[in-house]
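Residues per chain, in single letters:
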Amino acid sequence: MTDTRRRVKVYTLNEDRQWDDRGTGHVSSGYVERLKGMSLLVRAESDGSLLLESKISPNTAYQKQQDTLIVWSEAENYDLALSFQEKAGCDEIWEKICQVQGKDPSVDITQDLVDESEEERFDDMSSPGLELPPCELNRLEEVAELVASSLPSPLRREKLALALENEGYIKKLFELFHVCEDLENLEGLHHLYEIIKGIFLLNRTALFEVMFSEDCIMDVIGCLEHDPSLPQPRKHREFLTKTAKFKEVIPISDPELKQKIHQTYRVQYIQDMVLPTPSVFEENMLSTLHSFIFFNKVEIVGMLQDDEKFLTDLFAQLTDEATDDDKRHELVNFLKEFCAFSQTLQPQNRDAFFKTLSNMGILPALEVILGMDDVHVRSAATDIFSYLVEYNPSMVREFVMQEAQQNDDVSCDDDDILLINLIIEHMICDTDPELGGAVQLMGLLRTLVDPENMLATANKTEKTEFLSFFYKHCMHVLTAPLLANTTEEKPSKGEATTHHDDFQTSQLLALILELLTFCVEHHTYHIKNYIINKDILRRVLVLMASKHAFLALCALRFMRKIIGLKDEFYNRYIMRNFLFEPVVKAFLNNGSRYNLMNSAIIEMFEYIRVEDVKSLTAHVIENYWKALEDVDYVQTFKGLKLRYEQQRERQDNPKLDSMRSILRNHRYRRDARTLEDEEEMWFNTDEDDLEDGEAVVPPSDKMNSDEDLMDPISKFMERKKLKETEEKEVLQKANVTGRQSPNFKLSFSSGTKPNLTSQSSASNHPGSPGSPGSPGSPGSPGSPGSVAKSTPQSAAITTKVLYQCEEQVAKSTDKEKNSMKMEHDIKIDVPLDRTTSGVMCEESRKGGLVGLVDYPDDDEEEEDEDDVDNKEESPPLSKKSRLAS
């Protein structure tokens, strides 16, 4: 549907009594089967979706306002409005509504409200109309009482409003107002105050159009000057006629537009200054007044936007060097108010509004204005710039990049003339002691460099292009005050300089650091290259010595954000330049004071410890441990030292590191079938090296390597005992006679691979006759634990340890009640008489060997061992097949 007469905007009234735009579309009327009646339908012009479907109820009161608005309520607190582009379309839909309700289209309201009580319904049948007293001086008190008594009842309010409209009563009241003023009749003036205030609470557009007309609006204000609660009347009319002056910075040729501007200003003044603050019960009664002002502003912006000559003259005078300062100030203030009015527009119209301003050259004009010396003009220009950035930051970014490209084309290297650099300079040069303007400008810069609102298309990426531009042309301007106030060569020598000890300068540096911290978090290689190449962090850490705690904390927060990235490029840069030194110095200078500085520094080191940033841990301990070793009120630094020692041990004993990983992964892995890469390597290496009929290594040649392997294992087990509080479990030697051991099998062979034979029933104990590996049957053929008589003592020994243990993690996050079963199959080459911590090979009385693995876990482990025995009553399997299962 392309008929512009039917083009409408849909509004709903929110809880704050403000109109929310719901979209633009085309309205039609027709019968809707689901609603069982004629309905108003609005379909969006963008995608044809249904914006509004409203049945024309015979009892709903529809109001036509200002020739292009239709307003109605569909529920107690749900008001709707249709704003038509053309009057003809509004009249057409209004006729359809009146036709459904059987009303004359000449009326502005179709129905009385229907929320009256049953008594009022009865009164309505007996007295269909409300008769007003004659408009005479001696009857004003009676009229005031009638108005006051009608306000509580919606039905009586409607009857009163209709009576006031039909009889032209309001203009008669204003005639009495002039009589009372001439006679200085205070009592009559007080009655008129109450009457006019009550008429406002009737909330009727038709009455407002009469009251706010050019002939009557000053009389309305005059009546509201005589508040009975005040000792003296106010002088609002005097202010509006003598003090308030209408300035046409650009001559307005349209008389309708000029009249609309006057009317809107005066109605806004009545709402804000003249009317008393409404009570909770009266607030909803002024919704039509809010709507009247709102739609007036929409009309004003639309009429100005359509006047191309007006906007062309506006921007021409703004950028003309011959324009005097006072005139330019007025032009900028007008443009600022113009942009403020645009906030009432719906999104589609606001798009067109800012596009129009962009085509007219608003950004080049702002660039000219911001380069002027007048502080007030620059302040207004900053407000206009904020409207543009908040509405469409991409538009601003595109302009500044085009501007830079033009400068490059003409070989102009002056970055100071760029719009963003002008903004940065105004931020740096803000003369306000509280830096209010600088804070506002910093927020705008943050919006412009925020990648979250940057667009990415198939042809180009705005983020890459703009950030490259910003770091090339603008970043040096932003960081100039920081570099100028941190001139020390080494931060370790830096006492606070007189420059950044100045409070206002310190505030500015804090703002700059806040934006740089934001860049570290949201930008990648651009800020990294800039920080490392310009040595920014070292200069920032000079500020750790400032007497202003907020500035020192900003510097620390900047470093903390960098460390939080865990980027080794940053870490190497920090270590190479010893950049922890000013932080440690500030920590020591802070002494024993428990304050934010103390907590923030400790938190940074705690982060390094918890996240196990190895390079920084080693750097801190190797260079600053002597300064920090006496800090014992927190365990952070001792924990860092422990981390450091563990790193050194792993570096000195790589085999220990591998064994630690295997044991840790096995003991705490929930799924026994999942193998870590290290464990796979461990098993595969052993089994691949072993071939049928081949001895691995003679014991005499293997002894040294065995000792090398078992020595760190022994140390590891001893250290695990000492860390009982951290690991919750301790590995210790098992008492063979005092505790039933887990299942253990040991086999020797010289010509064949070791194999597992099926065990006897779970009732057989390891020491009982007939059990596998029992001392009572060491020499029986085929028995595990027997040695062939022909086997020489120098034959290789392959010890295969299969242990199953059941562990219960007492403090697991999901509070599992079932214990976790883990199976480990570890094969170790050891000499016959080798005994290790945690893996004990006990020589039997008759030469047989019994291996034992024992962990002092929960007592339930012993109760579950019989089940483990049952599980092992399976046919022999190779190691890989068993693991794969």
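(A) Structural context of the overall build of the protein chain. Helix and strand content of the protein chain: 38 helices and 11 strands. In the protein chain, buried positions account for 48% of the 885 residues. Sequence-distant contacts in the protein chain: of pairs separated by 6 or more residues, those separated by 24 or more amount to 66%. Carbon and sulfur atoms form 49% of the exposed surface of the protein chain, whose accessible area is close to 44,900 Å².

(B) Highlighting helix α16 (residues 375–391). With 17 residues, α16 extends 25 Å from end C-alpha to end C-alpha; this agrees with the ideal 24 Å at 1.5 Å per step. Of all the residues in α16, the buried ones are Val377, Ala380, Ala381, Thr382, Asp383, Ile384, Phe385, Ser386, Leu388 and Val389.

(C) Representation of the pairing of strand β1 (residues 7–13). Of all the seven residues making up β1, six are buried; the element is thus mostly covered by neighbouring parts of the structure. Bridge analysis of β1 against strand β7 (residues 78–84) gives five bridges, and the strand direction is antiparallel. Bridging from a neighbouring strand, tyrosine 11 pairs with alanine 81 of β7.

(D) A look at the pattern of salt bridges. In total, this model carries 27 salt bridges according to the counting rule given. Residue lysine 528 pairs with aspartate 567 through a salt bridge whose shortest N-O separation is 2.7 Å. With lysine 528 in helix α24 (residues 525–534) and aspartate 567 in the loop between α26 (549–564) and α27 (568–576), this residue pair connects regions lying 39 residues apart in the sequence. For the pair formed by lysine 528 and aspartate 567, the shared burial category is buried. Sharing partners across several salt bridges, the network here consists of Lys64, Lys87 and Asp91.

(E) Structural view of unusual backbone geometry. The backbone phi angle of aspartate 535 is positive, close to 55 degrees, even though this residue is not glycine. Along the chain, aspartate 535 turns up in the loop between α24 and α25 (536–541). For lysine 566, which is not glycine, the phi dihedral falls at a positive 55 degrees. Tracing the sequence through the fold places lysine 566 in the loop between α26 and α27.

(F) Geometry of the packing of aromatic side chains. What the rule picks out here adds up to 23 aromatic pairs. Both rings, one in tryptophan 19 and one in phenylalanine 295, keep their centres 6.0 Å apart while their planes meet at 45 degrees; by these two values the pair is tilted. Here the residue tryptophan 19 occupies a position in strand β2 (residues 19–32), and phenylalanine 295 occupies one in helix α11 (residues 287–306), the gap between them amounting to 276 residues. Judged by relative accessible area, which is 9%, tryptophan 19 ranks as buried. The class for phenylalanine 295 is buried, based on a relative accessible area of 3%.

(G) View of the environment of aspartate 430. Mapped onto the fold, aspartate 430 is located in the loop between α18 (419–428) and α19 (436–448). Judged by relative accessible area, aspartate 430 falls into the buried class, the value being 16%. In contact with aspartate 430, not counting residues within four places along its chain, are Leu435, Gly436, Gly437, Ala438 and Gln504. Separated by 3.2 Å, the side chain of aspartate 430 and the backbone nitrogen of aspartate 432 make a polar contact. A distance of 2.9 Å separates a polar atom in the side chain of aspartate 430 from the backbone nitrogen of alanine 438.

(H) View of the environment of glutamate 92. Within the secondary structure, glutamate 92 sits in helix α1 (residues 87–101). Between the C-alpha atoms of glutamate 92 and proline 105, which are 13 residues apart in sequence, the distance is 9.6 Å. Look past the residues within four positions of glutamate 92 in its chain and what remains in contact with it is Arg5 and Arg6.

(I) Just helix α14 (residues 347–360), in detail. End to end, α14 covers 20 Å across 14 residues, agreeing with the expected 20 Å (1.5 Å per residue, within 8%). Where α14 is concerned, the buried positions are Arg350, Phe353, Phe354 and Leu357. In a view along the axis of α14, the buried residues occupy a sector of 85 degrees, so they form one face of it. Across α14 from its buried face, at more than 90 degrees, point the exposed residues Lys355 and Asn359. Turning to α14, the residues buried within the fold contact α11, α12 (308–319), α13 (325–341), α15 (362–370) and α16. Looking one or two residues past α14, glycine 361 carries a phi angle of roughly 90 degrees, positive in sign.

About the criteria used
Residues numbered from 1 in each chain as written. Predicted model: local features only at pLDDT ≥ 70, side-chain atom pairs only at ≥ 80, totals over all residues. Heavy atoms only, no water. Helix = DSSP H or I, 4+ residues; strand = E, 2+ residues; numbered from the N terminus. Buried < 20%, exposed > 50% of the residue type's maximum accessible area, 1.4 Å probe, protein only. Contact = heavy atoms within 4.5 Å. Areas by Shrake-Rupley, 256 points an atom, 1.4 Å probe, with all protein chains shown as cover. Expected span 1.5 Å × (residues − 1). Pairing = 2+ DSSP bridges. Salt bridge = Lys/Arg side-chain N within 4 Å of Asp/Glu carboxyl O. Phe/Tyr/Trp six-rings, centres within 6.5 Å; stacked < 30°, edge-to-face > 60°. Polar contact = N/O pair within 3.5 Å; in protein donor to acceptor, adjacent residues only side chain to side chain. Arc of directions from axis to C-beta.

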